[in-house]
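The primary structure of each chain is shown beneath.
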Amino acid sequence: QVQLVESGGGLVQAGGSLRLSCEVSGRTFSSYTMGWFRQAPGKEREFVAAIRWGSGNTYYADSVKGRFTISRDNAKNTVYLQMNSLKPEDTAVYYCSARARSGGSYYYTTFDYWGQGTQVTVSS
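As the structure is a computational prediction, the values presented were derived from the model and not from experiment.

A.B. asks: So what exactly am I meant to see when it comes to the state of the cysteines here?
C.D. replies: Two cysteines whose sulfur atoms are joined by a covalent bond form what is called a disulfide. Summed over all chains, the structure comprises one disulfide. Between cysteine 22 and cysteine 96 runs a disulfide, and the two sulfur atoms are separated by 2.1 Å. Given an S-S torsion of about -80°, the disulfide between cysteine 22 and cysteine 96 has left-handed geometry. Of the two residues, cysteine 22 sits in strand β3 (residues 18-26) while cysteine 96 sits in strand β9 (residues 92-99), which places them 74 residues apart along the sequence. Comparing cysteine 22 with cysteine 96 shows no difference in burial state: the two are buried.

Here it is in structure tokens:
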């Protein structure tokens, strides 16, 4: 089993920055993909970014490319989402996730483990 504990989130001005953290514990594999998703009120949970733990290869939704950066720190067993140039449209609950499978889509139903979520609110 994999446990994910998120921290960070909060209120930030448009154009500002925020870093989310996801502490990972339990059984992990070098082939695991770690992901960040977000869900705004009344909308479906959507993919934001992902990173292969072993290789460090990253993947981003088009809406956040060039603004968000996903990374991981092996010593701290933590995955980060650095969010820059934030927009009001980024307002959502952000979730850390993980899955063992390496292929397929990044639809949220393909991920196996989830954190509790953290609220990010961007004011205009």
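A.B. asks: Got a minute to help me understand the pairing of β3 in this structure?
C.D. replies: Two faces, one strand: in a regular strand the side chains alternate between the faces of the sheet. For strand β1 (residues 2-7) and β3, the ladder comprises six bridges, and the chain directions are antiparallel. Among the inter-strand pairings, valine 2 is bridged to a residue of β3, identified as glycine 26. Here β3 pairs with strand β8 (residues 78-83) via six bridges, running antiparallel. If you follow leucine 20 over to β8, its bridge partner there is leucine 81.

A.B. asks: Any chance you could explain the sheet that holds strand β7 (residues 68-73) here in plain terms?
C.D. replies: What holds strands together in a sheet is hydrogen bonding between their backbones, with the strands either parallel or antiparallel. The strand order across the open sheet formed by four strands is β1-β3-β8-β7, and the pairing between neighbours is antiparallel. A single partner strand is all that each edge strand has here, and the edge strands are β1 and β7. Neighbour-to-neighbour, the strand axes of the sheet open up by a mean angle of 20°, direction not taken into account. Of the pairings in the sheet, the one linking β7 to β8 comprises six bridges and is antiparallel in character. Within β8, the residue paired with serine 71 across the bridge is tyrosine 80.

Cut-offs and rules
- Residues numbered from 1 in each chain as written.
- Predicted model: local features only at pLDDT ≥ 70, side-chain atom pairs only at ≥ 80, totals over all residues.
- Heavy atoms only, no water.
- Disulfide = S-S within 2.5 Å.
- Helix = DSSP H or I, 4+ residues; strand = E, 2+ residues; numbered from the N terminus.
- Buried < 20%, exposed > 50% of the residue type's maximum accessible area, 1.4 Å probe, protein only.
- Pairing = 2+ DSSP bridges.
- Axes fitted to C-alpha atoms, helices over the stretch in contact; angles between N-to-C directions.

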